[in-house]
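Below are the chains, spelled out letter by letter.
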Amino acid sequence: MAMNTKHKIAPSLLAADFLHLQQEIERVNNSEADWLHLDIMDGVFVPNISFGFPILDAIRPILKKPMDVHLMVVEPQKFIREVAELGAYLMNVHYEASAHLHRTISAIKETGMKAGVTLNPHTPISLLEDIIQEVDMVLLMSVNPGFGGQRFIEHSVEKTARLKDMITRKGLNTLIEVDGGVNMETAKRLLTAGADVLVAGNFVFKSPNPLQTIKELKAL
Ligand code: DX5
Ligand code: ZN
């Protein structure tokens, strides 16, 4: 049904049971998940605080999936080296938090990590016209960042389609990741609109059988 058959699924650790982090990581390892999405918040850029680098360091030895790190912090450029040293595969910084985005993206790529730029729901994709050629991925927020379990913002489907058009028009192979309120129904529509990677927090970890839920999201 979906146009993109090779989409990736990135469960978000934010919705996991932190009291049993080892079991949750092992569950992700044994699943069909492609990446593990890690939400780092500072209580300034977003009105919440999640977890920080010590948690990434703790899970690192047992995690078998690439880390997709989503920094919801002011001045994300300060943490590039730290995130790289933690072994992250991909570092996402918010457009809204980056005055010198080109410099930040270049610095991320110099470490060997993939670079992603993240847009809040209100931030237009037209602002990417002069930077998209430099980034490996665009992360579209389909909820206002800061919390898991929020309601999907419908406009995100159309926004995904317009971003896909921009990428195609420019002849690029930039990935589109969508984050927030993903479930089987929104996932289907996002994939049809051109999403390549879907983040899913509550829908995966709060489901009766997270492995099966990941499998079903992969099978869309
Ligand atoms: C929100 C985070 C998301 C969150 C998604 O600020 O960026 O990654 O974990 O959670 P769900 O899938 O529950 O909306
Ligand atoms: Zn996220």
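Just so we're clear, the structure is a prediction, and the values are computed from it rather than from any experiment.

(A) Quick peek at the overall build of the protein chain. The helix and strand inventory of the protein chain stands at 8 helices and 8 strands. Computed over the C-alpha atoms, the radius of gyration of the protein chain is 16 Å, within 12% of the 17 Å expected from 2.2 N^0.38 for a compact globule of 220 residues. With 220 residues in all, the protein chain has 52% of them scored as buried. Counting contacts in the protein chain only where the partners sit at least 6 residues apart, residues at least 24 apart contribute 65% of the total. Accessible surface, the protein chain: about 10000 Å² in total, of which carbon and sulfur atoms supply 52%. For the protein chain, the centre of its 22 positive side-chain charges and the centre of its 26 negative side-chain charges are spaced 4 Å apart.

(B) Quick look at the nonpolar core. By size, the foremost hydrophobic cluster in this structure holds 60 residues, and its most contacted members are Leu 13, Leu 38, Ile 59, Val 69, Leu 128, Leu 163 and Leu 198. Of all the elements, helix α6 (residues 184-193) adds the most residues to this core, at 5 residues. Setting aside residues up to four positions removed in sequence, Val 69 forms contacts with Leu 38, Ile 40, Leu 56, Val 83, Ala 88, Leu 90, Met 91 and Asn 92.

(C) Representation of the pattern of salt bridges. Within the structure shown, the criterion is met by 10 salt bridges. The residue Glu 32 makes a salt bridge to Lys 215 at a minimum N-O spacing of 3.2 Å. With Glu 32 in the loop between α1 (21-29) and β2 (36-41) and Lys 215 in helix α8 (residues 210-218), this pair connects stretches of sequence that are 183 residues apart. In this structure Lys 215 comes out as partly exposed when scored by relative accessible area, which is 41%. Note that Glu 158 and Arg 162 form a salt bridge whose closest N and O atoms lie 2.8 Å from each other. Taken as a pair, Glu 158 and Arg 162 lie in helix α5 (residues 155-169) at a separation of 4 residues, close to a single helical turn. Residue Glu 158 is classed as partly exposed on the basis of its relative accessible area, which comes to 39%. For Arg 162, a relative accessible area of 34% puts it in the partly exposed group.

The rules behind the values
- Residues numbered from 1 in each chain as written.
- Chains lettered and ligands numbered in written order.
- Predicted model: local features only at pLDDT ≥ 70, side-chain atom pairs only at ≥ 80, totals over all residues.
- Heavy atoms only, no water.
- Helix = DSSP H or I, 4+ residues; strand = E, 2+ residues; numbered from the N terminus.
- Rg over C-alpha atoms; globule rule 2.2 N^0.38 Å.
- Buried < 20%, exposed > 50% of the residue type's maximum accessible area, 1.4 Å probe, protein only.
- Contact = heavy atoms within 4.5 Å.
- Areas by Shrake-Rupley, 256 points an atom, 1.4 Å probe, with all protein chains shown as cover.
- Lys, Arg positive; Asp, Glu negative; His and termini not counted.
- Charge placed at Lys NZ, Arg CZ, Asp CG, Glu CD.
- Core = buried A, V, L, I, M, F, W, Y, C linked by side-chain atoms within 4.5 Å.
- Salt bridge = Lys/Arg side-chain N within 4 Å of Asp/Glu carboxyl O.

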